[in-house]
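Coordinate inspection notes
Chain by chain, the residues:
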Amino acid sequence: MKPIRIALILALHVVLFSCATAQMRISGSLSDTTNQPIPQATIHVLNTEITVVTDSAGHWRIPSMPSGEYVFEISAVGYATVDRPFGVFENPMENIGFRLQNAGSRLDAVTVTAEKKEAQLQTVPVSVTSISAKQVEEFRLWDIKGITAFVPNLYSGNSGDGRNVTSIRGITTTSYDPAVATYVDGVNQFSLDTYIPELNDIQRIEVLRGPQGTLFGRNAMGGVINIITKQPTNATRGFAQIDEGNYGQQRYAAGIRTPLVNNKLFFGASGVYGKRNGYYTNDFNNSSFDRQSALTGNYYLKYLPGAAWSLTLNVKHQNNRNWGAFPLSTSVSDAFSHPFHLDQNAIGKMIDNTLNASLAISHSGDNTNFTSITAWQNNHRYYQPSVDGDFSPIDGVTIVNDFGSSWNNVQVLTQEFRLGSADHHSSPLSWTAGAYFFHQYNPNKQATHYGTDAALLGVPDSNFSGIDITKGKNTGVAAYGQVSYSVTKKLQLIAGLRYDYEHRYLDVTEQYQPDGQTAITTTPDTSAALHFSALSPKAGIQYTLTKNANLYATYSRGYRPGGLTQLSPDPSQPPLYPYNPEYSNNIEIGIKNTWWDHRLLLNATAFLTHITDAQVPTLVLPSAITVTRNTGKLISKGIEIEAEANPVNGLTLAYNFGYTDAHYQSLNISENGQAVDLAGKKQIYTPNLTSMFSPQYSLPLSARHHVNLILHGEWFYLGKEYFDLANSIGQSPHSLVNARAGITIPHLELWFWARNLTDTKYIEYAYDFGAAHLGDPRTWGFTLKTSW
């Protein structure tokens, strides 16, 4: 509880030393273009705890807020979201009228927190894609890997176990320390172990492209995926949804958000249960291989002790079960010649339980805003009884890691304190500063069992296990700050700096255990420690060309932490070998435009990124241990275009395009005892092109009863992609087509959908030793949803 006490003391300090100011009372009404009142609409004042809901007559009231200049975000179901700059300087201010236009008559205004404070998307000098709650539903995004190519130059995929490898602009997650950081409701999802990929009751998803080390720290060298879920307010709102599809696909979701005490205490809960049969057939016993089920929950308790205070307790969990976690063909050619068929004799169930909890305390002051976020993350993942390690029908290698709850149980504690300027004053200076702490404990115990047929794999012994035991402890602290200064009304300068320090400790032991006998320690308990630090600066300039056009140029740096190699049965790979942090330096220039009364949006970016001390992982088989070395330099350059248009009422067109040329300037690795020069080779998990085009048309069937027919289409294109450093395993350019059609009436929706309509066969993920996993086949189904 010590971090929480510190947070409360600091928050009190901020309040006591903030200058008091006059409190204003404002009220007004909200209507549509025909002057009809809009009930149950939400009015949120950016960077404050103020959120109000209109009554049945469209009236709203804010009883108390400091004087100043604000931005009001106004949204309602069936209408286009708008943001309105608004000055509060009189007391009281009454009869303030806002109007909303029907959805489909203009593009939604978008709010993001790319700089750890709320701001309008088109004014932020960062390459960021925002995916709204409405788009999450329209694109049927159930898992974070679904944003591949929706976001320019982003690719995400996995080997069938649900742990996504994500690449942005050629900066790729290649180990359990990601190169792309994921935040959920302000909490850094510390590693691939502890984050929850299921998308549940989402408010929006923000994807920041390029290094974001200054504000987001470790692992943000490629970018940040920032996920915000829906929080409860004074309005009682809820939903229930059923999805059914082929492959026995079932998904049931429900949620409610409601005040327990108006303006004081709020509760929210949402959950998803999903299951499906396997896409793959195991020819070894003619069974469905990768059957899956998962239960995901998200629970909120929010308390507002005063107008400027907020305390939010949040608990999230995901409980996965996968009967065939690694549906892999032995080679790419085998994957295409026998799609969705494999032949494995070891059939086990993966049990994957994740629990995340956080307490957020925030205060909106007259001069300073304060936030404290304390978080706990835990993941326990194991196999019952084992999984196949040779991906074949022989009794060769199996992986065993079910050694009880004390092992393979990752635990992470994080604490962030953040201060920022209260930007409702007319000051040219805006700033954010903070401190961050984490501690991770990762006890791992894994046995590689060699069966009767081990000799077929070149192993001289059989019927024994090699047991690798590691205990890792990582602790780190950081301090950061970023300022922006408006030299004139059009010109803004940006500067920031972050300092990170990290200490790592790893203890390793190796054992040999013949079947039926006691384990013998072959490598005694050995440990090592290392520490390192990193500076992540940022500098930039932004120029307002016109009211609706902003030009910016930035330099930023990110880093991925170093570490110690695991224990490997390969004697050429010594344990506890240190590797250094990896650094990315990025220069980019971009322009953001909106035209035609917010009916047309066009953003473009060009970037150049240099990676030094590139961490190159090697997967050591059959124990599935990753050994990392700093052996390369990478350069990545490209462009990105995002366009959205609303040419006529009801029709929305969206197009995103990304081009990346990411290749190694130098890369020297060891292979079979020989030095191999791979300079010039392309980066892995990086399509050279990504493209997405999505039209949607809403046809009113009954304007009086608000009945609409909605047609939605998606076309994705991904260019050439490689999965190994030698560029010998790759996927040719391919396209995917998705479609969705439905009828909507107030509080009820019925949809029919299909994904991968052409049933395209493509490699989603492959290992450098050849095993490959296909992307999802054609799926189809329906969705029935009610909301209130």
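Shown above is the structure to which this text applies.
Only a predicted model underlies this, so the values are computations on that prediction, with no experimental measurement involved.

Re the sheet that holds strand E6 (residues 82-88)
Pairing in this open sheet of 4 strands is antiparallel, and the strands run E3-E2-E5-E6 from one edge to the other. Both outer strands of the open sheet, strand E3 (51-53) and E6, are each paired with one neighbouring strand and no more. When strand polarity is set aside, the average angle formed by the axes of neighbouring strands in this sheet is 25°. In the sheet, strand E2 (residues 42-45) pairs with strand E5 (residues 68-75) via 4 bridges, with the strands oriented antiparallel.

Observations regarding the packing of aromatic side chains
Per the counting criterion, the structure on display carries 21 aromatic pairs. Between Trp 142 and Trp 753, the aromatic rings sit 5.9 Å apart at their centres with planes inclined by 80°, giving edge-to-face as the arrangement. One end of the pair, Trp 142, is in the loop between helix H2 (133-138) and strand E11 (154-157); the other, Trp 753, is in strand E48 (residues 748-755), with 611 residues separating them in the sequence. The residues Trp 142 and Trp 753 share a single accessibility class, namely buried.

Here's the deal with the environment of Thr 354
Here Thr 354 shows up in strand E26 (residues 349-364). A sequence separation of 294 residues divides Thr 354 from Val 648, and the C-alpha atoms of the two residues are 46 Å apart. When sequence neighbours within four positions are dropped, the list of residues in contact with Thr 354 reads Asp 193, Thr 194, Ile 196, Lys 316, His 317, Gln 318, Asn 378 and Asn 379. One polar contact links Thr 354 to Asn 379, side chain to side chain, over a distance of 2.8 Å.

Details of the pattern of salt bridges
Applying the stated rule across the entire model yields 26 salt bridges. The shortest N-O distance in the salt bridge between Asp 661 and Lys 637 comes to 3.1 Å. With a gap of 24 residues between them, Asp 661 in strand E41 (residues 651-671) and Lys 637 in strand E40 (residues 625-645) connect regions that are remote in the sequence. Take Asp 661: its relative accessible area is 12%, and that puts it in the buried class. In the salt-bridge network here, residues are joined through shared partners; they are Arg 169, Arg 209, Glu 588, Glu 640 and Glu 642.

Remarks on the sheet that holds strand E10 (residues 128-132)
Spatially, the 5 strands line up as an open sheet ordered E10-E16-E17-E14-E15, and their pairing is mixed. At either margin of the open sheet sits one strand with a lone partner, and together these are E10 and strand E15 (187-189). Averaged over all adjacent pairs, the angle separating strand axes in this sheet is 20°, with direction ignored. The sheet contact formed by E10 and strand E16 (residues 202-209) spans 5 bridges and is antiparallel.

Comments concerning the side chain of Ser 372
Within the secondary structure layout, Ser 372 lies in strand E27 (residues 368-384). For Ser 372, a relative accessible area of 1% puts it in the buried group. Only 3.1 Å separates the side chain of Ser 372 from the side chain of Gln 415, close enough to count as a polar contact.

Some points on the pairing of strand E33 (residues 491-514)
Pairing geometry for strand E32 (residues 464-486) and E33, over 23 bridges, is antiparallel. Opposite Gln 482, over in E33, you have Gly 496 as the bridge partner. Linking two consecutive strands that pair antiparallel, namely E32 and E33, is a turn of 4 residues.

Here's the deal with the side chain of Asp 661
Within the local environment of Asp 661, its side chain forms a polar contact with the side chain of Lys 682, the two groups lying 2.7 Å apart. The residues touching Asp 661, leaving out its near neighbours within four places in the chain, are Ile 635, Ser 636, Lys 637 and Lys 682.

Observations concerning unusual backbone geometry
A cis amide bond links Gln 384 with the next residue in sequence, Pro 385, at an omega value of -10°. Within the chain, Arg 140 stands out as a residue other than glycine whose phi angle is a positive 50°. Within the secondary structure layout, Arg 140 lies in the loop between H2 and E11. Of the residues examined, Arg 140 reaches a relative accessible area of 13% and is grouped as buried. Of note, Phe 391 is a non-glycine position whose phi angle comes to about 55°, a positive value. You can see Phe 391 is positioned in the loop between strand E28 (387-388) and strand E29 (397-400). Of the residues examined, Phe 391 reaches a relative accessible area of 12% and is grouped as buried.

Cut-offs used in this document
- Residues numbered from 1 in each chain as written.
- Predicted model: local features only at pLDDT ≥ 70, side-chain atom pairs only at ≥ 80, totals over all residues.
- Heavy atoms only, no water.
- Pairing = 2+ DSSP bridges.
- Helix = DSSP H or I, 4+ residues; strand = E, 2+ residues; numbered from the N terminus.
- Axes fitted to C-alpha atoms, helices over the stretch in contact; angles between N-to-C directions.
- Phe/Tyr/Trp six-rings, centres within 6.5 Å; stacked < 30°, edge-to-face > 60°.
- Buried < 20%, exposed > 50% of the residue type's maximum accessible area, 1.4 Å probe, protein only.
- Contact = heavy atoms within 4.5 Å.
- Polar contact = N/O pair within 3.5 Å; in protein donor to acceptor, adjacent residues only side chain to side chain.
- Salt bridge = Lys/Arg side-chain N within 4 Å of Asp/Glu carboxyl O.

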